[in-house]
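Listed below are the residues making up each chain.
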Amino acid sequence: MITIYHNPRCGKSRECVAHFENTNESIEIIKYLDTPLSREQIQSILKKLNYTPIQLIRVKESVWVENYKGKSLTDEDLIEAMVTYPILIERPIVVKGNHAVIARPLENINKLR
């Protein structure tokens, strides 16, 4: 099973979903802006990506710039920011088993095979 954390307003995210809809693989699509992720879900994704919290944050988002840029934040603070403002989470995230990638570019999904 492939899980895609998806933002329908993002072209790269739509491209990723379309790719998997054209395969025979079972997919689950989670629109994380409609169903925000919990702290535990974000921590699990970070582990599967082998990322630190800052690596999963979209630092050019206005929410980041207005509320967090330039501040000294702990990993817990960063995770809390993603829980509070899911728009900060990089996308699309593709999870397969215990591994995950950010599908930007789409070719990153090949690392899951």
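Here we summarise the structure given alongside this text. Per chain, residues are indexed from 1 in the order of the written sequence. Only residues with pLDDT of at least 70 get local features here, since the model is predicted, and only at 80 or more are side-chain atom pairs given and counted; chain-wide, interface and lining totals rely on the full set of residues. Each side-chain value is worked out from all heavy atoms of the structure, with water and hydrogens disregarded.

### Overview of the pattern of salt bridges
Inference 1: What makes a salt bridge here is a side-chain nitrogen of Lys or Arg within 4 Å of a carboxyl oxygen of Asp or Glu, nothing more. The final tally for this structure, using the stated rule, is 6 salt bridges.
Inference 2: For R39, the salt bridge identified is with E80, shortest N-O distance 2.3 Å. With R39 in helix α2 (residues 39-49) and E80 in helix α4 (residues 75-84), this residue pair connects regions lying 41 residues apart in the sequence.
Inference 3: For E90, the salt bridge is made with R104, and the minimal N-O distance between the two is 3.7 Å. Note that E90 is positioned in the loop between α4 and β3 (93-96) and R104 in the segment after β4 (99-102), a separation of 14 residues in sequence.
Inference 4: Burial status follows relative accessibility: with a 1.4 Å probe on protein chains alone, a residue under 20% of its type maximum counts as buried, one over 50% as exposed, and anything between as partly exposed. The class for E90 is buried, based on a relative accessible area of 17%. Elements are defined by DSSP. Helices are runs of H or I of four residues or more, strands are runs of E of two residues or more, and each kind is numbered from the N terminus.

### A word on the pairing of β4
Inference 1: Direction of pairing for β3 relative to β4: antiparallel, over a ladder of 4 bridges. Pairing of V94 across the sheet is with V101, part of β4. Two strands make a pair as long as DSSP finds a minimum of two bridges between them.

### Some points on the sheet that holds strand β1 (residues 2-6)
Inference 1: Taken in spatial order, the 4 strands make up an open sheet running β2-β1-β3-β4, and their pairing is mixed. Two strands bound the open sheet, and with one partner strand each, they are β2 (27-31) and β4. Within this sheet the neighbouring strands show an average axis-to-axis angle of 20 degrees, counted without direction.
Inference 2: Residue contacts are counted whenever heavy atoms from the two residues lie within 4.5 Å of one another. Every axis corresponds to a line fitted to the C-alpha atoms, with the helix fit spanning only the stretch in contact, and the corresponding angles, defined between N-to-C directions, vary from 0 to 180 degrees. Of the strands in this sheet, β1, β2 and β3 are in contact with helix α1 (residues 11-21), which crosses β1 at around 155 degrees.
Inference 3: Along the sheet, α2 contacts β1, β3 and β4; its crossing angle with β4, the most-contacted strand, is approximately 90 degrees.

### Here we look at the pairing of β2
Inference 1: Pairing of β1 with β2 involves 5 bridges; the strand directions are parallel. Paired with I4 across the strands is I29, a residue of β2.
Inference 2: Orient the strands so they point away from the viewer, and a crossover whose first-strand-to-second-strand path over the helix runs clockwise is right-handed. Note that the unit made of β1, α1 and β2 has a crossover that is right-handed.

### Concerning α2
Inference 1: Buried residues of α2: I42, I45, L46 and L49, and no others. Down the axis of α2, the buried set is contained in an arc of 100 degrees. They therefore lie on one face. For α2, the exposed residues set more than 90 degrees away from the buried face come down to E40 and K47.
Inference 2: Where α2 is buried, its residues contact β1, α4, β3 and β4.
Inference 3: N50 lies just past α2 and shows a positive phi near 60 degrees. Note that the arc is defined by the directions from the helix axis to the C-beta atoms.

### Digging into the state of the cysteines
Inference 1: Only a pair of cysteine sulfur atoms within 2.5 Å qualifies as a disulfide here. Taken as a whole and judged by the stated rule, the model has 0 disulfides.
Inference 2: No disulfide involves C10; its sulfur sits 9.5 Å from that of C16, the nearest cysteine.

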